[in-house]
Amino acid sequence: MAASGRPEHQAPPEIFYNETEASKYTSNSRMIEIQQKLTERALELLALPEDVPCYILDIGCGSGLSGEVLTDNDHTWVGIDISPSMLDVAVEREVEGDLLLGDMGNGLPFRPGTFDGVVSISALQWLCNADKKCHSPVKRMLVFFRTLYAVMGRGARAIFQLYPENGAQLELLTQQAMKAGFTGGLVIDYPNSTKAKKIFLCLFCGGPSQVLPQGLGTEESNTNVAQMSGRRERFRKSVKSSRDWVIEKKERRRRQGKETKPDTQYTGRKRRGHHF
Amino acid sequence: MKLLTHNMLTSNIIKGVTKGFPLKIVPVQVEIKDVDYNPAFVVRTLSKVDWPALHQAAVETGFGDGLPETLGENFQQDEELLKKIHNALLQVEVIQGELVCPESGRKFPITNGIPNMLLQEHEVGQ
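Residues numbered from 1 in each chain as written. Chains lettered and ligands numbered in written order. Predicted model: local features only at pLDDT ≥ 70, side-chain atom pairs only at ≥ 80, totals over all residues.

**Quick word on the overall build of chain A**
Secondary structure summary: chain A contains eight helices and seven strands in total. Structurally, chain A occupies a C-alpha span of about 75 × 50 × 45 Å along its principal axes. Of all intrachain contacts in chain A linking residues separated by at least 6 positions in sequence, the fraction that spans at least 24 positions is 68%. (Helix = DSSP H or I, 4+ residues; strand = E, 2+ residues; numbered from the N terminus. Contact = placed C-beta atoms within 7 Å.)

Next up, the structure:
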């Protein structure tokens, strides 16, 4: 995604991802690294059987950066994207997977039960847009999720990393996915950080009931649960640069997924003055 | 486009098309790209592959020699045959040409190895 605002607001995907934008996905090392990290996390959430090469669908494969991660893990993949320029870059880069030009809102053109897993990196939010007069996002979502359900094997998972604009979009997408028969829900990594926060929609296609994986950096944030206690305790900030203050601050950084040194006996300890 | 991908593709997303499989291949340019031979992968993939469709696709692209019309039970031991199947499934690539829907006759052009599966709004099913 470009650094300046939301690309969805600028133009339809097949126009926004023109040659200039597509070339960024091969030359900009920061963009490449982000895409790869997201794919690795998506692959982890996909929870495929170990050491078995699988057949994977990559929705919004673009220039094939996510596909390369799949190849590195010995999987065979097929990518679908709506932008011809991005696909041309993928061909130039000689990616291993096969490529299709297609619109996910038209439905997925595959035989039933084809894929062992589905990944999609930063693409699903495009489905919320009506780029043509005749587009109805709600209808397109339903067509997409229904055909997606059909092309997945039983018990397979689909993992979508996405940048939703607001809660309403997320709710609508989840609602339409459930309507198509999926179970699952959202996994949010580092929910306490604006920058590191990443949202994954995890969908399960039938099979035995599956447990939703936990997001990273959420281990101890039970902030949704109201704690009842006999005594009312007023929240008070610790005195600045005291040991408690330092520990609270480090805790906050950990919740945001930032690199933090472990707490030791030296944490927040007073430095001795230099007496000679 | 590899023939493995072709074997998974349908045109059933078009309104009124129920099966849309197999799509007929009208090749203009076909290339062979080297892919590492992995017999275990070929055997496992064959459990998903629709054999008559693969056979037809191989014949249409001109690489059907030596592939039987029906796959016998002992194909796993037949090294020669597995190599031919590997070639047809993974090494044959259609670079230019067309895919044709068997029910509606709708054509999907293939350019630069990429089939164009985009539909007009009035063609979308469901």
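**Describing the environment of Ala-58 of chain B**
Residues and elements named next belong to chain B. Looking at the secondary structure, you find Ala-58 in helix H3 (residues 51–61). C-alpha of Ala-58 to C-alpha of Leu-99: the two residues are 41 residues apart in sequence and 14 Å apart in space. When near neighbours in sequence (up to four residues on either side) are disregarded, Ala-58 contacts Leu-3, Phe-63, Gly-64, Leu-67 and Ala-88.

**A short note on the pairing of strand E4 (residues 115–121) of chain A**
Residues and elements named next belong to chain A. Burial within E4 is extensive, with seven of its seven residues counted as buried. The pairing of strand E1 (residues 55–59) with E4 spans three bridges and is parallel. Counted as the bridge partner of Leu-57 is Val-118 from E4. Handedness of the crossover joining E4 and strand E5 (residues 152–162) through helix H6 (residues 137–151) is recorded here as right-handed. (Buried ≥ 20, exposed ≤ 12 C-beta atoms within 10 Å, placed from the backbone. Pairing = 2+ DSSP bridges. Right-handed = clockwise from strand over helix to strand, strands pointing away.)

**Considering the packing of H6 of chain A against helix H7 (residues 167–179) of chain A**
Residue and element names in this part refer to chain A. Running from amino to carboxyl end, H6 crosses H7 at an angle of 45 degrees, the nearest separation of the two axes being 9 Å. In terms of axis orientation, H6 runs oblique to H7. Crossing of H6 over H7 shows right-handed handedness. The segment H6 lies against H7, with Val-138, Met-141, Leu-142 and Phe-145 engaging Leu-172, Leu-173, Gln-176, Ala-177 and Lys-179. Broken down by class, the residue content of the contact of H6 with H7 amounts to seven nonpolar, one polar and one charged. (Axes fitted to C-alpha atoms, helices over the stretch in contact; angles between N-to-C directions. Parallel < 35°, antiparallel > 145°, perpendicular 65-115°, else oblique. Left-handed = near helix turned anticlockwise from the far one by under 90°. Nonpolar A, V, L, I, M, F, W, Y, C, P; charged D, E, K, R; others polar.)

**A short note on the UniProt feature "domain: Methyltransferase" (unreviewed entry) in chain A**
In the numbering used here, UniProt assigns the "domain: Methyltransferase" (unreviewed entry) feature to residues 56–141 of chain A. Counting secondary structure, residues 56–141 of chain A comes out at 26% helix and 24% strand; the distance between its end C-alpha atoms is 21 Å. (UniProt positions renumbered as here; feature names shortened; annotations may be inferred.)

**What about the interface of chain B and chain A?**
Residue-level contacts link 22 residues of chain B with 22 residues of chain A. Listed by contribution, the elements that provide at least two residues to the side of chain B that touches chain A are helix H1 (3–8) and strand E4 (114–115) of chain B. Partitioning the side of chain B that touches chain A into residue classes produces 12 nonpolar, eight polar and two charged.

**Quick word on the environment of Gln-76 of chain B**
Counting through the fold element by element, Gln-76 of chain B comes out in the loop between H3 and helix H4 (79–91). Remark: the alpha-carbon pair of Gln-76 of chain B and Val-42 of chain B, spanning 34 residues in sequence, is separated by 9.3 Å.

**Here's the deal with H7 of chain A**
All names here are of chain A. Across its 13 residues, H7 extends 18 Å between first and last C-alpha, which sits within 8% of the 18 Å expected from 1.5 Å per residue. Residues of H7 that are buried: Leu-173, Gln-176 and Ala-177. Along the long axis of H7, the arc covered by the buried residues comes to 105 degrees, so they all point the same way. Opposite the buried face of H7, at more than 90 degrees from it, the exposed residues are Gly-167, Ala-168 and Glu-171. (Expected span 1.5 Å × (residues − 1). Arc of directions from axis to C-beta.)

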